[in-house]
Structure formats: structure tokens, C-alpha cells
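Inside the fold
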Amino acid sequence: MDRTITVRGTGKVSLRPDQVEITLTLTAENMNYDAAMDAAAAQLESLRDALTAIGYDKDALRTTNFDVSTRYDYRHDDKGNNTRVFLGYACTQNLRMVFPFDTARLGQTLSAIASCTADPELNVRFTVADPSSLSDELLRSAAGSARQKAEVLAAASGVRLGQLVKVWYSWGDRDFTSPTAFAVGNGLLRAKASMAFTPENIDLTDQATFTWEIL
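Notes on the structure follow. (Residues numbered from 1 in each chain as written. Predicted model: local features only at pLDDT ≥ 70, side-chain atom pairs only at ≥ 80, totals over all residues. Heavy atoms only, no water.)

As for the packing of helix α1 (residues 33-52) against helix α2 (residues 103-115)
For the pair α1 and α2, the least separation of the axes is 8 Å and the interaxial angle reads 145 degrees. Judged by the sense of rotation from one axis to the other, the crossing of α1 with α2 is right-handed. Taking contact as the criterion, the partners of Leu47, Ala50 and Leu51 in α1 are, on α2, Thr109, Ala112, Ile113 and Ser115. Residue classes in the contact of α1 with α2 are distributed as five nonpolar, two polar and no charged. (Axes fitted to C-alpha atoms, helices over the stretch in contact; angles between N-to-C directions. Helix = DSSP H or I, 4+ residues; strand = E, 2+ residues; numbered from the N terminus. Left-handed = near helix turned anticlockwise from the far one by under 90°. Contact = heavy atoms within 4.5 Å. Nonpolar A, V, L, I, M, F, W, Y, C, P; charged D, E, K, R; others polar.)

This is the structure we're talking about:
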């Protein structure tokens with residue numbers, strides 16, 4: 001009979017966000033395809049000009065998705081017939097930019113975006129620049145937690161830990177985002193570089209199971 005002890009370790013880490021991520025959506029519509037594409041290009045140029053004017057590189061704004069689609073609607077006549085009506089072309093651009101967390105820079109960036117003619121939908125969240133180091137710290141914490149529990153249990157049982165014989169861990173995606181909600185609405189035009197706040201820490205937990213020989 002194998003003499004082993006199996007313990008689940010729980011890792012915990014807490015880190016202050018050090019990066020701002022802004023995602024933006026631009027939508028241009030027109031009955032004419034070329035006109036829709038020209039409008040989309042003008043939106044992007046206006047947004048990039050506004051950002052470069054405050055010191056960003058032109059490539060600071062990256063495209064994550066570019067979609068051109070046709071829009072239709074179904075209309076009913078007084079005889080109950082359905083007719084598909086062409087509404088035009090829609091060009092949607094999803095964009096992303098990141099920069100080190102700084103409330104003054106964030107306020108300045110939002111003001112610049114609001115001043116351009118692109119009128120994007122946007123979302124702001126607070127993240128970490130190096131999530132891999134946070135993942136490593138989380139796993140080390142889980143391993144240390146398991147080892148400590150195993151040693152306490154072994155000592156209380158009058159045995160010693162031997163070699164580590166098995167580790168079970170389920171890999172999964174983690175969200176390295178602060179829970180702080182940052183709403184951007186009608187007050188965007190009044191965003192000031194002097195805004196001051198501190199996002200909540202990013203708190204993560206993870207678990208792994210370890211099995212040791214007992215001597």
C-alpha cells in the first residue's frame with residue numbers, strides 16, 4: 001500500500017494595476033460603399049491626429065478588428081408581405097491602446113479623444129503590463145501553501161515528507177483586470193488631467209494539488 005499524502009494548495013496574490021487599456025469602436029455607415037469606407041478612414045485619421053497631438057506615437061492605436069457588412073431590414077406592407085430593404089454599408093473598427101497607469105495622462109487622453117470628430121464608443125479598464133510574472137507568483141504561492149499544509153499534517157501524524165510524486169493543476173485563462181469600473185459617458189468632454197483616484201487591486205486565487213511520499 002502506497003504511503004502518500006495529498007494536499008491542495010491555494011495561491012493568492014494582490015497587485016496594484018500599472019497599465020491602462022482603452023478599447024474603442026468606430027462605426028461608419030452609408031448607402032454607398034466607397035463613401036462608407038472614406039468615412040471610416042476619416043474617423044480613424046481624426047482619432048489618430050488627436051492622440052499624436054498629445055504625444056502618442058501613430059502606432060499607439062492598434063486595430064483589433066475591421067469589419068465591413070451590409071445592413072438590411074424587413075418591412076411589412078398592408079397586404080402582409082415582407083420585403084427586404086437595403087439600408088447601406090457599415091464599417092466597424094475595433095481599436096486598442098495601452099499606456100502606463102497615470103491619472104493625469106488618462107484625463108488628457110480622454111479629453112483628446114472627446115475633441116476629435118470620430119465620436120467612438122470606448123471602454124477603460126486597468127490591468128497589469130506583465131501578467132506572466134503574476135501567474136508565476138500565483139503558482140509559487142499555491143505550491144508554498146500546499147507544502148506548508150503537508151508538513152503540518154505530517155508532523156502531527158508523526159511522519160516525514162518524502163519525494164514529491166505528483167502535481168495536478170488545471171490550466172485556465174485569468175482576467176488580470178481591476179474590478180474598478182470606470183464609466184465614460186456624457187461627462188467625457190469635461191475630463192480633466194487633474195482627476196485623481198486609485199483603482200482597486202487585482203486579487204487572484206488559484207489552486208493546485210500535490211502528492212508526497214510519507215516516511
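Moving on, there is more to tell.
Quick notes on the sheet that holds strand β2 (residues 19-30)
Read from one edge of the open sheet, four strands run β3-β4-β2-β5, paired in antiparallel fashion. Strands at the two margins of the open sheet, each flanked by one partner only, are β3 (62-76) and β5 (121-127). Across the sheet, the mean angle from the axis of one strand to that of its neighbour is 20 degrees, orientation sign disregarded. Here 12 bridges tie β2 to strand β4 (residues 82-100), and the two strands are oriented antiparallel to one another. Its bridge partner being in β4, Ala28 is matched across the sheet by Cys91. Here α1 sits on the sheet in contact with β2, β3 and β4, set at roughly 150 degrees to β2. (Pairing = 2+ DSSP bridges.)

Notes on the nonpolar core
Ile22, Leu24, Leu47, Leu61, Leu106 and Val124 are the most contacted members of the largest nonpolar core, which has 23 residues in total. Secondary structure elements with two or more residues in this core: β2, α1, β4, α2 and β5. Ranked by size, the runner-up nonpolar core spans 12 residues in total, among them Ile5, Val7, Ala146 and Ala208. (Core = buried A, V, L, I, M, F, W, Y, C linked by side-chain atoms within 4.5 Å. Buried < 20%, exposed > 50% of the residue type's maximum accessible area, 1.4 Å probe, protein only.)

Focus: the pattern of salt bridges
Within the structure shown, the criterion is met by eight salt bridges. A salt bridge links Arg71 to Glu29; the nearest nitrogen and oxygen atoms lie 2.7 Å apart. Residue Arg71 is found in strand β3, and its partner Glu29 is found in strand β2; the two are separated by 42 residues along the sequence. Here Arg71 falls in the partly exposed class, since its relative accessible area comes to 32%. Glu29 gets classed as exposed once you look at its relative accessible area, which sits at 51%. Salt-bridge contacts for Glu151 lead to Arg147; the nearest nitrogen and oxygen are separated by 3.0 Å. Within this pair, Glu151 and its partner Arg147 are both found in helix α3 (residues 131-156), separated by four residues, close to a single helical turn. Using a relative accessible area of 34% as the deciding quantity, one classes Arg147 as partly exposed. By sharing partners, the salt bridges in this structure join Glu21, Arg96, Arg125 and Asp175 into a single network. (Salt bridge = Lys/Arg side-chain N within 4 Å of Asp/Glu carboxyl O.)

Focus: the sheet that holds strand β1 (residues 4-15)
Spatially, three strands are ordered β1-β7-β6 in an open sheet, and the strand pairing comes out antiparallel. Here the strands that pair on one side only, and so sit at the sheet edges, are β1 and β6 (161-168). Neighbour-to-neighbour, the strand axes of this sheet turn through a mean angle of 35 degrees, independent of strand direction. Across five bridges, β6 lies against strand β7 (residues 202-214) in antiparallel orientation. The partner of Leu161 across the bridge, within β7, is Ile214.

Side note on a nonpolar patch on the surface
Taken together, Tyr33, Phe66 and Val68 make up a surface patch of nonpolar side chains, about 270 Å² in accessible area. You can see Phe66 is positioned in strand β3. (Patch = residues over 30% accessible without salt bridge, like charges linked within 9 Å, V, L, I, M, F, W, Y side chains within 5 Å. Areas by Shrake-Rupley, 256 points an atom, 1.4 Å probe, with all protein chains shown as cover.)

With respect to the pairing of β3
Two elements, β3 and β4, share 14 bridges in a ladder whose sense is antiparallel. Each bridged residue has a counterpart across the sheet, and for Arg75 the counterpart in β4 is Thr83. Linking two consecutive strands that pair antiparallel, namely β3 and β4, is a turn of five residues; a positive phi of about 85 degrees is found at Gly80 within it.

Observations regarding unusual backbone geometry
Despite not being glycine, Asp119 has its phi angle at roughly 50 degrees, a positive value. As for its placement among the helices and strands, Asp119 is situated in the loop between α2 and β5. Using a relative accessible area of 67% as the deciding quantity, one classes Asp119 as exposed.

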